[in-house]
Amino acid sequence: MDDGRDAGDAGAPGDAARRLRAICGELSTRFFERDDVVRTLVVTLLAGQHSLVLGPPGTAKSELARELTGRIDGAAYWEILLSKFTAPTRMFGPIDVAALARGEYRQVYDGRATTAHVAFIDEIFKCSTAALNETLGYLNERIYHPENGGAPIRCPLIGAITASNELPDGEDSAAIYDRLLVRIEVGYLEDPSNFAALVRSAVGRPAEPAAPRTTLELAALQRAVGEGVPAVDVPDAIVDAVVTLRAALRRKELVASDRRWRQAVALLQASAYLDGRTAVAETDLPVLTHVLWDSPAQRPVVEREVLNLVNPDAREALDLADVIEELEAQLDAMAGQSREALSEWVIKNAHHKLAMAGKRLERLREEAAGAGRSTATIDRVTGRQRAVRARVLTEALGVDASMVPTQL
């Protein structure tokens, strides 16, 4: 099995970043339309921070967390599905019944949050009142206070990946939400070709050659988090850009705490480290789009302000996204109309706009890639263009979208 190892460089600092980039690529191939999600989760771990993956059930949140952690050799992984009745001992260590029979009060920590390097906490906002303080201490300070009142236990947690289907709705859950620096939205697959590939993957087929599976030693990840990432330089130009971004968001009445801005610096350093650079660059700033919003409705505003600073290609792609969303809304509004009316709308309106958007997105991607800028936003909008185009073909024209070329 090819695990991505090169002879003679397994312990080199740059090798950790190279391996992590390879892991990102392999996971992005396996998990459709999750390139930015995968990279952001890796950057968050490198920064020693916690993330929230927000989205409906069935979007591979837990599977992705397991697969990512499984690529870290020697890392202890722990996961739990929380409810309002989850007791702290179930999370951090049950009572040792045998010891209790001897009159000793002892907890068993192996296999629990207290020994995990990476934790996946599903339905994080359903944390019980009884477990709230311990969970906050675990996320904030990496400590657990034993039930018997002994000395706090230091936990080896590098970062927690949490998930939820909904935003917090109370003060208790809001306290946890505030401690999750990175917030990532996920949804169901949009590109019809990716959905078709997903369906095919559920059908039994002859065994194929094993895909590459790059791994990274736990010690190498810990060195990267503790030494490599903090050593990445943050130039004055980046500081100025962050100050400008903060002012722009304040004008939009989007205000993040000073603590959140300060923690975000580590994300910028981690992004640069992952790309193999020794200093933060403008291309790292887009990671802030996952940090500076509280509600999903605010995310597009944050994204536009970030891209105003660093990526004119992606900014134009977002303008095209507005056109595409408007076309989809028109299609929804025409539900129930005759095929003739729908065909007329396609010919006079949708056909030209979707075709032009697709061609422009293709050119924008070429320009961005040629200039070394991120194409993540452009790729996401391209996926929406293809999804809306497929709906137009199937719902308005009755055409099988899988049987036609990429462009209308």
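Keep in mind it's a predicted model, so treat the numbers as computed, not measured. (Residues numbered from 1 in each chain as written. Predicted model: local features only at pLDDT ≥ 70, side-chain atom pairs only at ≥ 80, totals over all residues. Heavy atoms only, no water.)

1. Here's the deal with the nonpolar core
Right, so step 1: In this structure, Leu46, Tyr138, Ile176, Leu285 and Leu292 are the most contacted members of the largest nonpolar core, which totals 113 residues.
Right, so step 2: With sequence-adjacent residues up to four places away left out, Leu292 is seen in contact with Leu245, Leu249, Ala256, Trp261 and Val302. (Core = buried A, V, L, I, M, F, W, Y, C linked by side-chain atoms within 4.5 Å. Buried < 20%, exposed > 50% of the residue type's maximum accessible area, 1.4 Å probe, protein only. Contact = heavy atoms within 4.5 Å.)

2. Thoughts on unusual backbone geometry
Right, so step 1: The phi angle at Glu33 is positive, at roughly 60°, despite the residue not being glycine.
Right, so step 2: Tracing the sequence through the fold places Glu33 in the loop between helix H1 (13-30) and helix H2 (35-46).
Right, so step 3: When its relative accessible area of 30% is taken as the criterion, Glu33 is described as partly exposed.
Right, so step 4: Backbone geometry at Arg142 places phi at a positive 60°, although glycine is not the residue there.
Right, so step 5: Positionally, Arg142 belongs in the loop between helix H6 (129-141) and strand E5 (143-144). (Helix = DSSP H or I, 4+ residues; strand = E, 2+ residues; numbered from the N terminus.)

3. Focus: the packing of helix H10 (residues 236-251) against helix H11 (residues 258-274)
Right, so step 1: Interaxial distance between H10 and H11 falls to 12 Å at its minimum, and their mutual angle equals 140°. The orientation of H10 with respect to H11, classified from their angle, is oblique. Like other packed secondary-structure pairs, H10 and H11 cross with a definite hand, here right-handed. For the pair H10 and H11, contact is made by Ile238, Val242, Leu245, Arg246 and Leu249 and by Asp258, Trp261 and Leu268, respectively.
Right, so step 2: Of the residues that constitute the contact of H10 with H11, the class distribution is 6 nonpolar, no polar and 2 charged. (Axes fitted to C-alpha atoms, helices over the stretch in contact; angles between N-to-C directions. Parallel < 35°, antiparallel > 145°, perpendicular 65-115°, else oblique. Left-handed = near helix turned anticlockwise from the far one by under 90°. Nonpolar A, V, L, I, M, F, W, Y, C, P; charged D, E, K, R; others polar.)

4. Notes on the confidence of the model for the protein chain
Right, so step 1: Residues of the protein chain with pLDDT of at least 70 account for 92%, and the chain-wide mean is 87.
Right, so step 2: Predicted confidence is poor over residues 1-11, with pLDDT under 50, and the contacts of this stretch with residues over four places away or in other chains come to 21 contacts. (pLDDT = per-residue confidence, 0-100.)

5. Observations concerning the pairing of strand E1 (residues 51-54)
Right, so step 1: Side chains Ser51 and Val53 of E1 all project onto a buried face; the interleaved residues Leu52 and Leu54 project onto the opposite face, where all are buried too.
Right, so step 2: Where E1 and strand E7 (residues 159-164) come together, 4 bridges link them in parallel fashion. Bridge pairing in E7 links Leu52 to Thr162.
Right, so step 3: Relative to strand E8 (residues 182-185), E1 is paired through 4 bridges, and the arrangement is parallel. Across the sheet, residue Leu54 finds its bridge partner in E8, namely Glu185. (Pairing = 2+ DSSP bridges.)

6. Describing the side chain of Thr114
Right, so step 1: Assignment of secondary structure puts Thr114 in the loop between helix H5 (97-101) and strand E4 (118-122).
Right, so step 2: For Thr114, a relative accessible area of 3% translates into the label buried.
Right, so step 3: Reaching out from Thr114, the side chain makes a polar contact with the backbone oxygen of Phe92 at a distance of 3.0 Å.
Right, so step 4: From its side chain, Thr114 meets the backbone oxygen of Tyr109 in a polar contact 3.5 Å long.
Right, so step 5: Not counting residues within four places of it along the chain, the set of residues in contact with Thr114 comprises Phe92, Tyr109, Tyr144, Cys155 and Pro156. (Polar contact = N/O pair within 3.5 Å; in protein donor to acceptor, adjacent residues only side chain to side chain.)

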